[in-house]
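Structural characterization, general
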Amino acid sequence: MLKRPALARRLLRRLARETSAVTVIELGVSLPFLMVIALGSMEMVNLGILHVRLNQLAISVADNASRAKQSVVGGAPMFREYDVNQVFTGAALSVDDLDFPTNGRVILSSLETNSSGGQWIHWQRCWGNNTYVSRYGVQGTGATGTSFAGMGQPGAWSRWKAPMRSCSWKWPISTSRSSSARCSSRC
């Protein structure tokens, strides 16, 4: 009985003096931690890139929709369903590798001034199969009165020194020359 504990102590002393495989053991112990740090860092970079791409998508959709029909010869510009579909088709081409129509949603809203001087959402169109709703309200929100605060950060326009450009025309949706509704739908 005494031989076994003595043998175990001798083996542990010999193992404590042995240094030939220390590097391999240290690598084996630290490699899981290093892998977690490396893979976690790569995922954080992927998250950052995805965040930038989605921000650029939102900026692109807003910019393309605001520039549509700015210069129309012979009459007031009309923003049609066809134009909405063109904006959403451009968005689809810019994020075609993300499977965005299944996993995301873009809500395009027309913010206009109502008869009381307040702001209202004249129309909305959506692209994407997800069920997100607009945080600002549905089509027709703020149609009367001045209680609807509008969209964006409160006071954002007051920080800019340049006056806000005003348009003398509205952006009504016209269904003439409408393409198929594969991209947009009413929200």
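Everything below is about the structure printed above this text.
Residues numbered from 1 in each chain as written. Predicted model: local features only at pLDDT ≥ 70, side-chain atom pairs only at ≥ 80, totals over all residues. Heavy atoms only, no water.

**Quick word on unusual backbone geometry**
Operational definition: The secondary structure listing takes helices from DSSP runs of H or I that are at least 4 residues long and strands from runs of E that are at least 2 residues long, numbered from the N terminus.
In this model, Asp99 sits at a positive phi of 55°, which is unusual for a non-glycine residue. Of note, Asp99 is situated in the loop between helix 3 (81–94) and helix 4 (100–103).

**Focus: helix 3**
The criterion, for reference: One less than the number of residues in a helix, times 1.5 Å, gives the span that helix is expected to have. Three exposure classes are used, based on accessible area relative to the maximum for each residue type with a 1.4 Å probe and protein chains only: buried under 20%, partly exposed in between, and exposed over 50%.
Over its 14 residues, helix 3 runs 20 Å from end to end, which matches the ideal 20 Å to within 8%, given 1.5 Å per residue. Among all positions in helix 3, only Glu81, Asp83, Val84, Asn85, Val87, Phe88 and Ala91 are buried.

**Brief notes about the nonpolar core**
This is how the line gets drawn: Here, the term nonpolar core denotes a set of buried Ala, Val, Leu, Ile, Met, Phe, Trp, Tyr and Cys residues that are joined through side-chain atoms within 4.5 Å.
The biggest cluster of nonpolar side chains holds 15 residues, and the ones touching the most others in it are Leu57, Val61, Phe88, Val106, Leu108 and Trp127. Counting only elements with at least two residues in this core, the list comes to helix 2 (22–67), helix 3, strand 2 (106–113) and strand 3 (119–127). Looking at this core element by element, the count peaks at four residues for helix 3.

**Remarks on helix 2**
Rules: Note that the bend at a residue is defined as the angle between axes fitted to the seven residues ending at it and the seven residues starting at it. It only takes one pair of heavy atoms within 4.5 Å for two residues to be counted as in contact.
Its 46 residues place the ends of helix 2 66 Å apart at the C-alpha level, agreeing with the 68 Å of an ideal helix rising 1.5 Å per residue. At Ser30, helix 2 shows its maximal bend, which comes to roughly 40°, and the proline Pro32 appears one to four places after that position. If you check which residues of helix 2 are buried, you get Leu57, Val61 and Ala65. Where the residues of helix 2 are buried, they touch strand 1 (79–80), helix 3, helix 4 and strand 2. Phi turns positive one or two residues past the end of helix 2, at Lys69, with a value near 60°.

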